[in-house]
Amino acid sequence: MPVLVTVEFATKPGKGPTLAKALSNAIKVTASNPECAYANVGLDEDNANHAVIQMVWSSSDAHKAYSAKVMNDPKMAPVMALMAGPPKTTYYNHVAHEA
């Protein structure tokens, strides 16, 4: 069953827009993965130090495998440096999508 995945990021003070831009570039690669139906990045309109990625994946296992690979990629070090702590990932059963 497809899953809706949210990954929430708390950034270091003032780094939210920089992280959102970096994530916006990164999701192009994520969305090209055949297991990922789509990916979006959002920046909290009330708290610019809070960003989120929302994706639909074929399964939580597919996302977990991809995420483990990405998080161990040395190219992620500059992105990780913007974060105040580790991201929070939540998996939901994907029930419906309206375009």
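What you see is a predicted model; the values in this text were computed from it and never measured. (Residues numbered from 1 in each chain as written. Predicted model: local features only at pLDDT ≥ 70, side-chain atom pairs only at ≥ 80, totals over all residues. Heavy atoms only, no water.)

### Describing the overall build of the chain
On a plain count of helices and strands, the chain comes out with three helices and four strands. Across the chain, helices and strands are ordered from the amino to the carboxyl terminus as β-α-β-β-α-α-β. Taking 2.2 N^0.38 as the reference for a compact globule, 99 residues should give roughly 13 Å; the C-alpha atoms of the chain span a radius of gyration of 13 Å, in line with that estimate. Its C-alpha atoms put the chain at 35 × 30 × 20 Å along the principal axes. When each of the 99 residues of the chain is scored for burial, the buried share is 30%. A fraction of 72% describes how many contacts in the chain between residues 6 or more apart in sequence connect residues 24 or more apart. When the accessible surface of the chain is split by element, carbon and sulfur atoms take 57% of a total near 6,100 Å². (Helix = DSSP H or I, 4+ residues; strand = E, 2+ residues; numbered from the N terminus. Rg over C-alpha atoms; globule rule 2.2 N^0.38 Å. Buried < 20%, exposed > 50% of the residue type's maximum accessible area, 1.4 Å probe, protein only. Contact = heavy atoms within 4.5 Å. Areas by Shrake-Rupley, 256 points an atom, 1.4 Å probe, with all protein chains shown as cover.)

### Quick look at the nonpolar core
Within the largest apolar cluster, 19 residues are counted, with the highest numbers of intra-cluster contacts made by F9, L19, L23, I53, M55 and W57. Those elements giving two or more residues to this core turn out to be β1 (3-10), α1 (16-31), β2 (36-43), β3 (50-57) and α2 (60-71). Setting aside residues no more than four positions away along its own chain, W57 makes contact with P2, V3, V5, T30, N33, E35, C36, A62, H63 and Y66. (Core = buried A, V, L, I, M, F, W, Y, C linked by side-chain atoms within 4.5 Å.)

### Quick look at the packing of aromatic side chains
Counted according to the given criterion, the structure contains one aromatic pair. Ring centres of W57 and Y66 lie 5.2 Å apart, and the angle between their planes is 40 degrees; this geometry places the pair in the tilted category. The two residues W57 and Y66 agree in class, both being buried. Over the aromatic face of Y91 sits the side chain of K64, whose NZ or CZ is 5.2 Å from the ring centroid. (Phe/Tyr/Trp six-rings, centres within 6.5 Å; stacked < 30°, edge-to-face > 60°. Lys NZ or Arg CZ within 6 Å of the ring centre and 35° of its normal.)

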